[in-house]
Amino acid sequence: KSVLLSIMEGLAKVGAPNEVLEFLSGWVEGGGLQPKIPEAKGSIKAIRSVAFFIPLYELYLTYGGIFRLTFGPKSFLIVSDPSIAKHILRDNSKSYSKGILAEILDFVMGKGLIPADGEIWRVRRRAIVPALHQKYVAAMIGLFGQASDRLCQKLDAAASDGEDVEMESLFSRLTLDIIGKAVFNYDFDSLSNDTGIVEAVYTVLREAEDRSVAPIPVWEIPIWKDISPRLRKVNAALKFINDTLDDLIAICKKMVDEEELQFHEEYMNEKDPSILHFLLASGDDVSSKQLRDDLMTMLIAGHETSAAVLTWTFYLLSKEPRVVSKLQEEVDSVLGDRYPTIEDMKKLKYTTRVINESLRLYPQPPVLIRRSLEDDVLGEYPIKRGEDIFISVWNLHRSPKLWDDADKFKPERWALDGPSPNETNQNFKYLPFGGGPRKCVGDLFASYETVVALAMLMRRFNFQIAVGAPPVEMTTGATIHTTQGLKMTVTHRIKPPIVPSLQMSTMEVDPSISLS
Ligand code: HEM
């Protein structure tokens, strides 16, 4: 740059025309000397024909850790490089917003914690994170056990009747039941019933997923909002959920007013340890719209993600009987037929590694979305404010440059006695829960939830892909779904244990109860 500036000075001295000098100065300022981000020539057809992160992987192998993808007037930067991901997510996170994601999710999450940016995000994050304290997460383990046991009962019946089961929808119901109770003390009981509220939640979820992959935002066309039966259904579902949330908030406020518990750091009401209860008891001064947005955000964030992790874990296990045997051996010796406790989480080491490895191969979501709020430099490339960026976690997690046997399901790649892998100790090549200030607030919750469910199901059953099941292929919404479900044959592993009476409240499960 300095050489060019001296040349310009020289030209000015010899009387070069102003136009030439202005052109050169613009070129220097605009980064004309800097390298240009590689541009991928992709066809939109290819991108839309399969789960979109698959062609992005092919393009990554050709164009490298950062490239530009252009569709007509729109362009995106695709990042698959750990140090650039670290820069965006952690080191310079203040220069990035959630961009398109916030626009797509506005109808359902408003200014909830996932889409919110700036001051609103800072204030809400500071209010919500303390609610997920150690004692809360430990209490949730009883809930995970009880909900997983309800699923086991369903599978018991299927195994006895010799009926195949579609595991993806069962996992979706399991995690919906858990998150409803954990976030606002509501028992959807979706594993047993198809109530109106369960249907409303699925209507809204499907809409959010459709919008995240829709090429044209038809929902923004004013007249469409009024005439489209689908949008009318979505709006009715949203109203139903919001009214239910308002009722739950009112009930919880009453409980808080009547209780005598002093609020403190690890405050928890034993009868209702939900996040909502913590927030209200903490005196969280927030509008009811913001509170609903946050509850809705956590409902969605903690539901499909965990369900997808379990679905893909069972799919991976169906192809690796060797891993299943090791897993079952560990569960037999650590748990037997007890409900898992917080102490067991440290002992279920291999089970945890299976989940760690499943999250590597099937990250949920497969891409993280950001928009630059300022000019910045990514790697060696200067970028402008307003760039839409996809950080492909899928590419990072499957890069042959970063992993041995990148596509192989090998829980053994994570040492049993080593630290639990995370973005920090893996230097941003492994991002199952994101990283930096916007990292998932439910990471420990979700890890324990999936470990408990996996352990309890594997203790009691063997699972195989059902004969004649449709091929298991991927499709995307916010998380990775199967295209036609995960149809499995379930058989009893051992003599069916005697299940204790489940009359007691969800939160009062005594972990020492034996299931046999
Ligand atoms: C954020 C993954 C479960 C609540 C995130 C992010 C990821 C993630 C990757 C970062 C998004 C970004 O940077 O753009 C997962 C996975 C889960 C899971 C894989 C299950 C296995 C949960 C649960 C909860 C939750 C159970 C609630 C209890 C949130 C919230 C955020 C978030 C509120 C936004 C945090 C912020 O922006 O400050 N999650 N999550 N997640 N997650 Fe999770």
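Residues numbered from 1 in each chain as written. Predicted model: local features only at pLDDT ≥ 70, side-chain atom pairs only at ≥ 80, totals over all residues. Heavy atoms only, no water.

A short note on the pattern of salt bridges
Applying the stated criterion across every chain, the model contains 37 salt bridges. Put simply, Arg-68 and Glu-387 hold a salt bridge, and the shortest N to O gap is 2.8 Å. Placement of the pair is Arg-68 in strand E2 (residues 66-71) and Glu-387 in the loop between strand E8 (381-383) and strand E9 (388-392), with a sequence separation of 319 residues. Overall, the relative accessible area of 11% leaves Glu-387 in the buried class. In this structure, Glu-258 and Lys-254 form a salt bridge, with 3.6 Å as the shortest nitrogen-oxygen distance. In this pair, Glu-258 and Lys-254 both sit in helix H12 (residues 229-258), 4 residues apart, roughly one turn of the helix. A relative accessible area of 53% means that Lys-254 is categorised as exposed. Connected through salt bridges with shared partners, the residues Lys-74, Glu-103, Arg-371 and Asp-388 form a single ionic network. (Salt bridge = Lys/Arg side-chain N within 4 Å of Asp/Glu carboxyl O. Helix = DSSP H or I, 4+ residues; strand = E, 2+ residues; numbered from the N terminus. Buried < 20%, exposed > 50% of the residue type's maximum accessible area, 1.4 Å probe, protein only.)

A short note on the site of the ligand
Around the ligand sit 25 residues, and of these Trp-121, Arg-125, Arg-370, Arg-438 and Cys-440 come closest. Between the ligand and Lys-98, the relevant distance is 3.2 Å, taken from an oxygen atom to a side-chain nitrogen or oxygen of the residue. Within the contact set of the ligand, an oxygen atom lies 2.8 Å away from a side-chain nitrogen or oxygen of Arg-438. Elements with a minimum of two residues in the shell around the ligand: helix H7 (118-128), helix H15 (304-318), strand E6 (367-372) and helix H20 (443-460). Per-element accounting of the shell around the ligand gives the leading share, 3 residues, to H15. Per-class residue counts for the shell around the ligand are 14 nonpolar, 6 polar and 5 charged. (Near = heavy atom within 4 Å. Polar contact = N/O pair within 3.5 Å; in protein donor to acceptor, adjacent residues only side chain to side chain. Nonpolar A, V, L, I, M, F, W, Y, C, P; charged D, E, K, R; others polar.)

Focus: the UniProt feature "binding site: heme" (unreviewed entry) in the chain
The UniProt record annotates "binding site: heme" (unreviewed entry) at Cys-440. For Cys-440, the position within the fold is in the loop between helix H19 (393-398) and H20. Its relative accessible area of 33% is what places Cys-440 among the partly exposed residues. (UniProt positions renumbered as here; feature names shortened; annotations may be inferred.)

Quick notes on the packing of helix H9 (residues 167-184) against helix H10 (residues 196-213)
Packing of H9 against H10 leaves a shortest axis separation of 12 Å and a crossing angle of 110°. Relative to H10, H9 is oriented roughly perpendicular. Contact residues: H9 offers Ser-172, Arg-173 and Leu-176, while H10 offers Val-198, Val-201 and Tyr-202. Considered class by class, the residues forming the contact of H9 with H10 number 4 nonpolar, 1 polar and 1 charged. (Axes fitted to C-alpha atoms, helices over the stretch in contact; angles between N-to-C directions. Parallel < 35°, antiparallel > 145°, perpendicular 65-115°, else oblique. Contact = heavy atoms within 4.5 Å.)

Description of helix H18 (residues 349-361)
Its 13 residues place the ends of H18 19 Å apart at the C-alpha level, agreeing with the 18 Å of an ideal helix rising 1.5 Å per residue. Extensive coverage of H18 is indicated by the burial of 12 of its 13 residues. Here H18 has its buried residues at Tyr-350, Thr-351, Thr-352, Arg-353, Val-354, Ile-355, Asn-356, Glu-357, Ser-358, Leu-359, Arg-360 and Leu-361. Each element contacted by the buried residues of H18 is listed here: H15, helix H16 (321-334), helix H17 (342-347), H19 and H20. (Expected span 1.5 Å × (residues − 1).)

Description of the nonpolar core
Counting 134 residues, the largest nonpolar core has Val-108, Leu-155, Met-167 and Phe-463 as its most contacted members. When residues in this core are grouped by element, the largest group, 12 residues, is from helix H8 (residues 134-161). Grouped together as the second largest cluster of nonpolar side chains are 19 residues, Ile-37, Ile-66, Leu-89 and Leu-378 included. (Core = buried A, V, L, I, M, F, W, Y, C linked by side-chain atoms within 4.5 Å.)

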